[in-house]
There are 4 protein chains.
Amino acid sequence: MATDSPVQLGMIGLGRMGANLVRRLMRDGHPCVVHDVNRDAMLELEKEGATAAASLQDFVAKLAPPRNVWLMVPAGVVQSTLDELTALLQSDDTVIDGGNSYYRDDMARARQLAPRGIHYVDCGTSGGVWGLDRGYCLMIGGEDEPVARLDPIFRTIAPGRGDAEPTPGRTRTDGTAPEGYLHCGPNGAGHFVKMVHNGVEYGMMAAIAEGLSIIRHADAGLGRREVDAETAPLREPEAYQYEIDVAEVAEVWRRGSVIGSWLVDLVADALARSPQLDQFTGRVSDSGEGRWTVQAAIDESVPAPVISASLAERYASRGLGEFGDKVLSAMRGEFGGHAEKTG
Amino acid sequence: MATDSPVQLGMIGLGRMGANLVRRLMRDGHPCVVHDVNRDAMLELEKEGATAAASLQDFVAKLAPPRNVWLMVPAGVVQSTLDELTALLQSDDTVIDGGNSYYRDDMARARQLAPRGIHYVDCGTSGGVWGLDRGYCLMIGGEDEPVARLDPIFRTIAPGRGDAEPTPGRTRTDGTAPEGYLHCGPNGAGHFVKMVHNGVEYGMMAAIAEGLSIIRHADAGLGRREVDAETAPLREPEAYQYEIDVAEVAEVWRRGSVIGSWLVDLVADALARSPQLDQFTGRVSDSGEGRWTVQAAIDESVPAPVISASLAERYASRGLGEFGDKVLSAMRGEFGGHAEKTG
Amino acid sequence: MATDSPVQLGMIGLGRMGANLVRRLMRDGHPCVVHDVNRDAMLELEKEGATAAASLQDFVAKLAPPRNVWLMVPAGVVQSTLDELTALLQSDDTVIDGGNSYYRDDMARARQLAPRGIHYVDCGTSGGVWGLDRGYCLMIGGEDEPVARLDPIFRTIAPGRGDAEPTPGRTRTDGTAPEGYLHCGPNGAGHFVKMVHNGVEYGMMAAIAEGLSIIRHADAGLGRREVDAETAPLREPEAYQYEIDVAEVAEVWRRGSVIGSWLVDLVADALARSPQLDQFTGRVSDSGEGRWTVQAAIDESVPAPVISASLAERYASRGLGEFGDKVLSAMRGEFGGHAEKTG
Amino acid sequence: MATDSPVQLGMIGLGRMGANLVRRLMRDGHPCVVHDVNRDAMLELEKEGATAAASLQDFVAKLAPPRNVWLMVPAGVVQSTLDELTALLQSDDTVIDGGNSYYRDDMARARQLAPRGIHYVDCGTSGGVWGLDRGYCLMIGGEDEPVARLDPIFRTIAPGRGDAEPTPGRTRTDGTAPEGYLHCGPNGAGHFVKMVHNGVEYGMMAAIAEGLSIIRHADAGLGRREVDAETAPLREPEAYQYEIDVAEVAEVWRRGSVIGSWLVDLVADALARSPQLDQFTGRVSDSGEGRWTVQAAIDESVPAPVISASLAERYASRGLGEFGDKVLSAMRGEFGGHAEKTG
């Protein structure tokens, strides 16, 4: 879908996400200037039609004012990149932070840029490594004017209406949400919504993981797990004699079920490739969004027991509950003379 | 997609699910005999091509042996219907329970029917009121032979391959899971998988609900909630000044995002129809599957904190934690002289 | 406190709990007949004044009817011991199960014994290895008559009024609860209350363990934990620079604080002996009561998120969430190309 | 126990806690100067031997340098009181904040006072309305010198060794923890430990409340709760026929049980006064410490699912989950045509 309003965009940061955003934009006719500390990444995109800029000075020079600069760099270097960049920009230019910054940093950065007349737009970008083809869901925060100016960019990056059936009950005909992008509010609102999106993701992932684990262990009555004198035996082993193909369950849930979702699609794929998932250790990382979501829930006095539990589950998966667990064993030893389970 | 192997099916129970299953089967060329205590429901389907049977005797008589009888009746009357029905059936007939029976009841019912040579198949059926068009995801338990015999029926009811993209990592070419139905194991295995499916559904729903609630209350710093002397004030009200359109957020999450799912589709629809959801009181029912899922996790020693929390959240939503909450207020009163928050 | 109404008791099972119960009874003048498969345990108590019985026949013969027989044997052999024993007993004899049986088994056992006129009393016994001196808290279920007959036994085993200050608001002067024993209701009620007691214990233990872990890791900002590119850095390391002596914190909490409790006493003792708890691995066992408590909460529709979470935490401590955690890592790998944290 | 080293203390804030601290200090021979905006509170303590000061100027004038000033004022006015007070103080004076301030505020306040040579000590004070007689558990943060200087004050306020049995495993003979007060570390460490103490308190309270609720509803099988077509019926009502006296259960748990604790003492008292707790609505307030504890756990990457769940439970008790619950009902309506439970 070639757009009739090409808008020039500068992209700093050509990792998987940044590079694919550029590709998706160029496909749709938007000219792109690109910069990365990794020279190969730049050359690769130059071959595909982008204009490479060897330095930030060069990068800024190659963009026509008012400039649109999209940052797609690791969270840890956003601030330093922004500081260096904004020294080169001028009034009415716009910087878009497309990473996973904390929304409070967005608020501070917008305040930092405002005296120089530079606009700041925070853009939560969901879609992972698949977004080049699927499009990315965009959650945007910032002033109305620069966001409106960037509309052709957002429209191109987003999946578009065709990606899902229309919502039957929807009567309003305005708004860009059915295209897959949304101006959520002033600065920080985009990353706030993206943060909560990731919090929801934690909870949904945990629900799926717990469910598949329950199905996998439906053979508990077959006595394959070690017996433990300290632990109650299964009262009705005859009810847990199933050996269920977990990978096929994930596959069947993809179609027609109430829990059909992209996450189920992904887990079906992972299990199709590796039914036992033996290449994983089960140490689950967490980036910042899950933490910040729980923190927001606490501040707002909103009960969020499921998202909170999913965060704690990740911490525990990495062994971070060890001292607490030792305290539990120690108490059991004290009051009951219980020896700790070993092995 | 007309099938070249029509199989006659008898359906007992013509509520929304049962009636739509019959419609979907007839569309595909399978002749159906129907029965319900509600005469209007029968007449309606008779007009659409089904054969109505006024009594169970008549119903059984109109089915050619070996018969296939699908029960789609409320959980509370499955056993009595089954008892009455099986007295009329003969060896090699098959009864399919398509409702939400507890899988342990399936095990007992299969044992009850076995001496008479009658087959029992448990079939967890997901898809809700939308299944007529979308197809239903089927999770099936029972012996191989009767399940194989029913394959054309299951194939018609299920969504079929077209409903979702192929799983990229999938290399096996056998199996029906990509069609949307799966023989999960012996009796009870179908409803076991469906039970866990619904447990996953609880957790996913809770994650979405919590997330949207956090977004809705992103205006907490605007001071609209009542002030409470017993409760800590929000330390940084300036970080919670967003008034975000929750309905539009749900809509945008439908496209390209990692949490894209049918549940998000549904909540977008509900919010499009009623942005404040004022017609709901927030008393959330639970049928048996969530409870049974947590029970299975406990029996299997599988940690399932997220699904457990989502179940507790539903109980609490119905006020069932009231006595415990009073105990908390009483303790606070005792040790701190804290007056309870009122209003 | 010598009692003026000695009652003969037979004890089967001379593990730590059983032996100490016998000692406490003999101290108070109650004659005891003892039996155990471990001959040394019997001889030890014989030296202290008990009458040893080499066989169940001998045991029963040495008790004067109507007999009082206390079972203090592992859960797994209660039923077989009971079966063998009751064949030797006669009408109006009473069997007390003092272990941690599931209350539904009590109900069945009472029904089993009733036709022969033998009474069954279930007695939840809390106090652990310290009960010889502290006394045991007793939660009793059974018919009124045999429970009343055993009152001198229960009174001796329980701690007595002196163990705690009188409850200021208590106006009723009847009842044995201030003595430390309570007839809770018909058969099963004793073990039901004990089961929930242990569920509460799980929750309280978890709260203490989590709290001490948070205090121990108050040095998180000192950068001692491994850095992980997949995990968000601590935003305000300057707020987590404390190196707090956890053992001393547990000790100070013992006096005057709102959370003062026997469990805090015990954890202070454990930490005094071993500040790092290095002898523990942190694999926390669970016997049946926590599971059954959560199950009762589910059946009763009572929200119990805290006790549920404490149970899941124990499962996770033993690595039982591993498959679920691998599923999470697998999903992260799929949508984000995230490598799993290693090491 | 009269101390041989009286130390003069000034107390600002004569609410229940502040006034009782002064009484406890005067009993032990420490001269006190008191100030409060409430003139009656001052006069009351003046009658009991304190020196009243009508203004802060007067208050400071009546204290001999180096002054010790204890603030026991609501969290909301600590900062303004401190600002006004410190303008009047001089180098080497010490301000103790005995309230429930956030430990990060302590860090900032200590930094604020340091340039003027004024010491700041944060002192978490647990003991509630009962502390006058029981003594208060003190968790202290600050520099060594001023904390050491205040030792006689802390020793008097704390319960002292007699309040609990010695910890058997304790071999170290130094340290004040067995007296009931502890210098936990530099500024903020005292309130940090107190914050976590309160977080533990949340979890313990929730465990007790859930347990008592499960016991109260052990009559679920008697069919007294409303029947609900949307909710699964209790499968085994015969197992839930107990009508247990919850108040007596709380009373019996006070003696000899593993969960014996001051919180159980308090709930026994509350239930003795009001077995149904009808005067409470069950809207449970939360002050800041529970929130901050969960936040610290998140920052430190420590799994704290139990304390987190207890916080969410309090929010839910006040109806703050309402929107989320409506979202759940809305989804159920969408996929299943489920009507919401009413009444």
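Since we're looking at a predicted model, the values are computed, not measured. (Residues numbered from 1 in each chain as written. Chains lettered and ligands numbered in written order. Predicted model: local features only at pLDDT ≥ 70, side-chain atom pairs only at ≥ 80, totals over all residues. Heavy atoms only, no water.)

Tallied over the entire structure, the rule returns 7 cavities of 30 Å³ or more. In this structure, the largest cavity encloses a volume near 130 Å³. Of all the secondary structure elements, the ones that give two or more residues to the lining of the largest cavity are α13 (305-317) of chain A, α13 (305-317) of chain B, α13 (305-317) of chain C together with α13 (305-317) of chain D. Counted by class, the lining of the largest cavity contains 8 nonpolar, 4 polar and no charged residues. (1 Å grid on protein atoms, 1.4 Å probe; cavity = no way out; pocket = protein on both sides within 12 Å on 5 of 7 lines; lining within 4 Å. Points joined across faces, edges and corners; volume = space filled by probe spheres on them. Helix = DSSP H or I, 4+ residues; strand = E, 2+ residues; numbered from the N terminus. Nonpolar A, V, L, I, M, F, W, Y, C, P; charged D, E, K, R; others polar.)

On to the relation of the copies chain C and chain D. For these two chains of identical sequence, chain C goes onto chain D by a turn of 180 degrees and a shift of 0.0 Å along the axis, with RMSD 0.0 Å. Here the symmetry operator amounts to a two-fold rotation axis. Minimal C-alpha distance to the rotation axis in chain C is attained by Ser261(C), lying at 1.9 Å. The fraction of interface residues of chain C whose copies in chain D are also interface residues reaches 100%, indicating that both copies meet through the same surface. (Least-squares fit on C-alpha atoms with pLDDT ≥ 70 in both. Contact = heavy atoms within 4.5 Å.)

So, on to the domain arrangement of chain A. Residue and element names in this part refer to chain A. Domain boundaries in chain A define domain 1 (9-161 + 175-187) and domain 2 (194-244 + 281-336). Between domain 1 and domain 2, the C-alpha centre-to-centre distance is 37 Å. The interface is formed by 9 residues belonging to domain 1 together with 8 residues belonging to domain 2. When domain 1 packs against domain 2, the two sides together hide about 680 Å² of surface, and 62% of this comes from carbon and sulfur. It is Asn 100, Tyr 102 and Met 139 in domain 1 that bury the most area against domain 2; as a group they hold 62% of the surface buried on that side. Linking domain 1 with domain 2 are 1 salt bridge. The closest approach of N and O atoms between Asp 299 and Arg 104, which form a salt bridge, is 3.2 Å. For the interface between domain 1 and domain 2, the tally reads 4 residue pairs in polar contact (both at pLDDT 80 or more). Looking at the side of domain 1 that touches domain 2, the elements that each hand over two or more residues are α5 (103-113) and β6 (119-126). A total of 3 residues in the side of domain 1 that touches domain 2 trace back to one element, the largest contributor, which is β6. (Domains from an automatic or database assignment. Buried area = accessible area lost by both parts, 1.4 Å probe. Salt bridge = Lys/Arg side-chain N within 4 Å of Asp/Glu carboxyl O. Polar contact = N/O pair within 3.5 Å; in protein donor to acceptor, adjacent residues only side chain to side chain.)

Once that is clear, we can look at the interface of chain C and chain D. It is common to report an interface's size as the accessible area lost on association of the parts. The interface of chain C with chain D comprises 99 residues on the first partner and 99 residues on the second. Taken over both partners, the interface formed by chain C and chain D buries close to 8000 Å², and the fraction arising from carbon and sulfur atoms is 64%. Summed over the three residues of chain C that lose the most area to chain D, namely Tyr242(C), Arg255(C) and Val258(C), the buried surface amounts to 10% of that side. Across the chain C-chain D interface, the total number found is 10 salt bridges. Residue Glu248(C) is joined to Arg170(D) by a salt bridge in which the shortest nitrogen-to-oxygen separation is 2.8 Å. At the junction of chain C with chain D, the criterion picks out 40 residue pairs in polar contact (both at pLDDT 80 or more). Those elements giving two or more residues to the side of chain C that touches chain D turn out to be α5 (103-113), β7 (137-141), β8 (181-185), α9 (189-216), α10 (246-253), α11 (262-273), α12 (288-300) and α13 of chain C.

Let us look at the pattern of salt bridges. Summed over all chains, the structure comprises 100 salt bridges over all chains. Linking Asp133(A) and Arg27(A) is a salt bridge whose minimum nitrogen-to-oxygen distance equals 3.3 Å. Of the two residues, Asp133(A) is situated in helix α6 (residues 131-134) and Arg27(A) in helix α1 (residues 16-27); the sequence distance between them amounts to 106 residues. One exposure class covers both Asp133(A) and Arg27(A), and it is exposed. The salt bridge involving Glu251(A) is made with Arg170(B); its shortest N-O contact spans 3.9 Å. Residue Glu251(A) is located in helix α10 (residues 246-253), and its partner Arg170(B) is located in the loop between α8 (151-157) and β8 (181-185); the two belong to separate chains. (Buried < 20%, exposed > 50% of the residue type's maximum accessible area, 1.4 Å probe, protein only.)

Right, let's get into the environment of Cys137(C). Along the chain, Cys137(C) falls in strand β7. Using a relative accessible area of 0% as the deciding quantity, one classes Cys137(C) as buried. Look past the residues within four positions of Cys137(C) in its chain and what remains in contact with it is Gly124(C), Thr125(C), Ser126(C), Pro159(C), Gly180(C), Val252(D), Trp253(D), Arg255(D), Gly256(D) and Ser257(D).

Another aspect to go through is the packing of aromatic side chains. Under the defined criterion, the tally for this structure stands at 39 aromatic pairs over all chains. Aromatic side chains Tyr242(A) and Phe192(B) sit 5.7 Å apart centroid to centroid with 50 degrees between the ring planes, which places their arrangement in the tilted category. With one member in each of two chains, Tyr242(A) in the loop between α9 (189-216) and α10 and Phe192(B) in helix α9 (residues 189-216) form a pair that bridges those chains. Judged by centre distance (4.5 Å) and plane angle (35 degrees), the ring pair of Tyr102(C) and Trp292(C) falls under tilted. Here the residue Tyr102(C) occupies a position in the loop between β5 (94-97) and α5, and Trp292(C) occupies one in helix α12, the gap between them amounting to 190 residues. You can call Tyr102(C) buried: its relative accessible area is 7%. Three or more aromatic residues joined by ring pairs form one cluster here, namely Tyr102(A), Tyr103(A), Phe192(A), Trp292(A), Tyr240(B) and Tyr242(B). The ring of Tyr202(A) carries Arg314(A) above its face, with NZ or CZ at 3.7 Å from the centroid. (Phe/Tyr/Trp six-rings, centres within 6.5 Å; stacked < 30°, edge-to-face > 60°. Lys NZ or Arg CZ within 6 Å of the ring centre and 35° of its normal.)

Our focus in this paragraph is the UniProt feature "active site" (unreviewed entry) in chain A. Residues and elements named next belong to chain A. Annotation from UniProt places "active site" (unreviewed entry) at Lys 194. Using a relative accessible area of 5% as the deciding quantity, one classes Lys 194 as buried. The contact partners of Lys 194, leaving out residues within four places of it in the chain, are Asn 100, Gly 124, Thr 125, Ser 126 and Met 139. (UniProt positions renumbered as here; feature names shortened; annotations may be inferred.)

With that settled, consider the relation of the copies chain A and chain B. Superposition record for chain A on chain B: RMSD 0.0 Å, screw rotation 180 degrees, translation along axis 0.0 Å. Most of the interface of chain A is mirrored in chain B, where 100% of its interface residues are also at the interface.

Now for unusual backbone geometry. In the segment running from Pro65(A) into Pro66(A), the intervening peptide bond is cis, with an omega of -5 degrees. Positionally, Pro66(A) belongs in the loop between α3 (56-61) and β4 (68-71). Positive phi, normally seen in glycine, also occurs at Asp92(D), with a value near 80 degrees. If you trace the backbone, Asp92(D) turns up in the loop between α4 (75-86) and β5 (94-97).

Once that is clear, we can look at the sheet that holds strand β7 (residues 137-141) of chain D. Within the open sheet, the 8 strands sit side by side as β3-β2-β1-β4-β5-β6-β7-β8 (chain D). Their pairing is mixed. Across the chains shown, the open sheet's two edge strands, defined by having one partner strand only, are β3 (51-52) and β8 (181-185) of chain D. Of the strand pairs in this sheet, β7(D) and β8(D) are connected by 4 bridges, and their pairing is parallel. Bridge assignment links Gly141(D) to a residue of β8(D), and that residue is Gly185(D). With respect to the sheet, α10(C) is in contact with β7 and β8 of chain D, its orientation differing from that of β7(D) by roughly 145 degrees. Docked against the sheet, helix α9 (residues 189-216) of chain D engages β5, β6 (119-126), β7 and β8 of chain D, running at close to 20 degrees with respect to β6(D). (Pairing = 2+ DSSP bridges. Axes fitted to C-alpha atoms, helices over the stretch in contact; angles between N-to-C directions.)

This part covers the state of the cysteines. Linking two cysteines covalently through their sulfur atoms gives a disulfide. Residue and element names in this part refer to chain C. According to the stated counting rule, one finds 0 disulfides over all chains in the structure shown. Left without a disulfide partner, Cys 32 is nearest to the cysteine sulfur of Cys 123, which lies 14 Å away. The class of Cys 32 is buried, set by a relative accessible area of 3%. Of the cysteine sulfurs around Cys 137, a residue in no disulfide, the closest is that of Cys 184, at 8.6 Å. (Disulfide = S-S within 2.5 Å.)

With respect to the element layout, Gly180(C) can be found in the loop between α8 (151-157) and β8. With a relative accessible area of 0%, Gly180(C) lands in the buried category. Along the chain, Gly180(C) and Val60(C) lie 120 residues apart, while their C-alpha atoms are 29 Å from each other. What Gly180(C) contacts, discounting residues up to four positions off in sequence, is Tyr136(C), Cys137(C), Leu138(C), Ala158(C), Pro159(C), Val252(D) and Arg255(D).

Further remarks concern the interface of chain A and chain B. In this complex, chain A contributes 99 residues to the contact, which on the side of chain B involves 99 residues. Between chain A and chain B lies a buried interface of about 8000 Å² when both sides are counted; carbon and sulfur atoms form 64% of it. Where chain A meets chain B, there are 10 salt bridges. Residue Glu236(A) is joined to Arg104(B) by a salt bridge in which the shortest nitrogen-to-oxygen separation is 2.6 Å. At the surface where chain A touches chain B, the tally comes to 40 residue pairs in polar contact (both at pLDDT 80 or more). Of all the secondary-structure elements, those providing two or more residues to the side of chain A that touches chain B are α5, β7 (137-141), β8 (181-185), α9, α10, α11 (262-273), α12 (288-300) and α13 of chain A.

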